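# Structure at a glance
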Amino acid sequence: MFSHFIIQILETILSISNISKRYGKIQAVNGLSLEVKKGQVFGILGPNGSGKTTTLSIILELLKANSGNFRWFGKPPSKESRKRIGSVIESPNFFPYLSPVVNLKIVADIKDFGYDDIDRVLTLTGLFERRNTRFKTFSFGMKQRLAVASALLGNPDVLILDEPTNGLDPQGIAHIRELILHIASQGTTIIIASHLLDEVQKICSHVAVLNKGIKLFDGKVSEVLAISDSYELSAGNLELLTNSVKQHPAFQSVVPGGDKIQVYFKDAVDPEELNLFFFHQGITLTHLSERKRSLEQHFLELLDNNK
Ligand code: ATP
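Note on numbering: residues in each chain are counted from 1, in written sequence order. Only residues with pLDDT of 70 or above have their local features reported here, since the model is predicted, and side-chain atom pairs are shown and tallied only from 80 upward, although totals for entire chains, interfaces and linings are computed over all residues. Heavy atoms throughout the structure, all of them, feed into the side-chain values; hydrogens and water do not.

## Focus: the pairing of strand E9 (residues 214-220)
DSSP bridges decide pairing: two strands pair if at least two such bridges lie between them. Secondary structure is summarised from DSSP: a helix means a run of H or I of at least four residues, a strand means a run of E of at least two, and numbering begins at the N terminus for each. In this structure, strand E8 (residues 206-211) lies alongside E9, joined through six bridges in antiparallel fashion. Counted as the bridge partner of Asn 211 is Ile 214 from E9. If you look at the hairpin formed by E8 and E9, you'll find two residues sitting between the two strands, and Lys 212 has a positive phi there, around 50 degrees.

Laid out in structure tokens, this is it:
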């Protein structure tokens, strides 16, 4: 029991507790709490203006919160914790006439790291071949990858990225996504702010949905995706249909609605299997319509309920 407790504590990379930030009349972040554990790819998902960048700026100590606090690796932020965090918050900014190697040497000097990691991060981000070309000749995607390379200097335990694929073409997006997944596979914890649901679905293991600075939901992406299927059903005898559907092994709940019923299932249910199930009970359906809730619908519903 005790050792289990210790493991739980060691695993927490970031805990944010009740943080609020106001800019004049705008409440950018409102009582936000969340926990990021080791190895997670944690998405902070929300529309423009929902407080994502403000949150990242606070945990990176670029901004001060009005209230609340946060801990890195179980302790208040310190010089030591800062060395374990790499981040890309703004658009990539390097000296245009210098090569990636020289630019990274400058970053290494500022961060007080040696130069021995430079080849590794250039290789990891696919820029090693271009290591001696001037930065200004780089495509936007390559510039973005160099920013990630720079954040990876010193092999941080955590990588923080703000809208990493903004402004990239499809190939650039694919490159960055692969890179993020590769870095995550090496055990680095990643925190990503994004307004793109699709992006979060493709790369994140966990997600917190923000709207107007308030956390609406957080959890495993796979759990959000596994939201139960629902079906709209109808038959000549609705009472019989309602009683019958309750016998289905995956039945969760039923909501009456005029001449139809809306049925929610705990697990995914195949429409053909459902039809057959009723057929075996002597019921002929007059209507069957599947309603799958994707993360997108769930996300939109969450935002809608919070208007
Ligand atoms: P985006 O994706 O558009 O950057 P976001 O989710 O990152 O959005 P924030 O940039 O954190 O959101 O902004 C949250 C709110 O705070 C917005 O209403 C924004 O206009 C406001 N805001 C952000 N920075 C400032 C500032 N320096 N001064 C005043 N208001 C600000």
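## Re the packing of aromatic side chains
Between rings of Phe, Tyr and Trp, where Trp is taken as its six-membered ring, a pair exists when centres lie within 6.5 Å; planes separated by under 30 degrees are stacked, by over 60 edge-to-face, and by other angles tilted. This model, assessed by the stated rule, comprises five aromatic pairs. Taken together through their ring pairs, the aromatic side chains of Phe 94, Phe 135 and Phe 138 make up a single cluster. Both a distance and an angle decide whether a charge sits over a ring: NZ of Lys or CZ of Arg must be within 6 Å of the ring centre and within 35 degrees of the ring normal. Over the ring of Phe 128 we find Arg 131, and its NZ or CZ is 3.9 Å from the ring centre. The cationic tip of Lys 143 hangs over the ring face of Phe 135; the distance from NZ or CZ to the ring centre is 5.3 Å.

## Side note on the site of the ligand
The cutoff for a nearby residue is simple: one of its non-hydrogen atoms must lie within 4 Å of the molecule or strand. Around the ligand, a shell composed of Tyr 23, Ile 26, Ala 28, Pro 47, Asn 48, Gly 49, Ser 50, Gly 51, Lys 52, Thr 53, Thr 54 and Glu 163 is seen. N or O atoms within 3.5 Å of each other form a polar contact, as long as, within protein, one can give a hydrogen and the other can take it, and as long as residues adjacent in sequence are counted only when both atoms are side-chain atoms. A distance of 3.0 Å is found between an oxygen atom of the ligand and a backbone nitrogen or oxygen belonging to Ser 50. Gly 51 is positioned such that a nitrogen or oxygen atom in its backbone is 3.0 Å from an oxygen atom of the ligand. Throughout, the Shrake-Rupley method with a 1.4 Å probe supplies accessible areas, and for residues the shown protein chains are the sole cover considered. Relative to its unbound accessible area of 630 Å², the ligand is 58% covered by the protein chains. No other element matches helix H2 (residues 52-59), which puts three residues into the shell around the ligand. Each residue is assigned to one class: nonpolar for Ala, Val, Leu, Ile, Met, Phe, Trp, Tyr, Cys and Pro, charged for Asp, Glu, Lys and Arg, and polar for all the others, Gly among them. Along the lines of polarity and charge, the residues of the shell around the ligand split into four nonpolar, six polar and two charged.

## A few points about the sheet that holds strand E7 (residues 189-194)
Read from one edge to the other, the open sheet built from six strands follows the order E5-E6-E7-E3-E8-E9, with strand pairing classed as mixed. Here the strands that pair on one side only, and so sit at the sheet edges, are strand E5 (85-88) and E9. Recorded for the sheet is a direction-independent mean angle of 15 degrees between the axes of neighbouring strands. Inspection of the sheet shows strand E3 (residues 41-45) paired to E8 by four bridges, in the parallel sense. Residue pairing in the sheet places Gly 43 in a bridge with Val 207 of E8. Whether two residues touch is decided by their heavy atoms; if any such pair falls within 4.5 Å, the residues are in contact. Orientation is described by lines fitted to C-alpha atoms, with helices fitted over the stretch in contact, and by angles between N-to-C directions that extend from 0 to 180 degrees. Relative to strand E6 (residues 158-162), H2 is tilted by about 145 degrees, and along the sheet it contacts E3, E6, E7 and E8. Sitting on the sheet, helix H6 (residues 140-152) is in contact with E5 and E6, with an inclination near 160 degrees to E5.

## What about helix H11 (residues 271-280)?
Taken together, the buried positions of H11 are occupied by Leu 274, Phe 277 and Phe 278. Relative to the axis of H11, the buried residues are bounded by an arc of 90 degrees and lie together on one face. Away from the buried face of H11 by more than 90 degrees, exposed residues Glu 272, Phe 279 and His 280 are located. Where H11 is buried, its residues contact strand E10 (230-235), helix H10 (238-245), strand E12 (260-265) and strand E13 (285-291). Looking one or two places after H11, you find Gly 282, whose phi comes out positive at around 80 degrees. For the exposure calls, accessible area comes from a 1.4 Å probe over protein chains only, and a residue counts as buried if that area is under 20% of its type's maximum, exposed if over 50%, partly exposed in between. This arc is built from the directions going out from the helix axis to the C-beta atoms.

## Examining the nonpolar core
Put simply, a nonpolar core is a bunch of buried Ala, Val, Leu, Ile, Met, Phe, Trp, Tyr and Cys residues held in one set by side-chain atoms that sit within 4.5 Å of each other. If you look at the biggest cluster of nonpolar residues, it comprises 40 residues, and the most contacted ones within it are Leu 146, Val 148, Leu 159, Leu 161, Ile 183, Ile 190 and Ile 192. If we ignore the near neighbours within four places in the chain, the residues touching Leu 161 are Leu 56, Val 88, Val 148, Ile 180, Ile 190, Ile 191, Ile 192 and Ala 193. In terms of nonpolar packing, the next biggest core, distinct from the first, is built from 26 residues, Ile 16, Trp 72, Ile 85 and Ala 208 among them.

## Quick notes on the layout of surface pockets
Only protein atoms enter the 1 Å grid used here. Points where a 1.4 Å probe fits but cannot escape make up a cavity, open sets with protein on both sides within 12 Å along at least five of seven lines make up a pocket, and a residue lines them when an atom lies within 4 Å of a point. Grid points are joined across faces, edges and corners, and a volume is the space filled by probe spheres set on the points. Taken as a whole, the largest pocket encloses approximately 970 Å³ of empty space. In this structure, the largest pocket is lined by 30 residues; those nearest its centre are Ser 87, Val 107, Ile 110, Lys 111 and Ser 150. Among the secondary structure elements, those contributing two or more residues to the lining of the largest pocket are helix H3 (79-83), E5, helix H4 (100-111) and H6. By residue class, the composition of the lining of the largest pocket is 17 nonpolar, six polar and seven charged.

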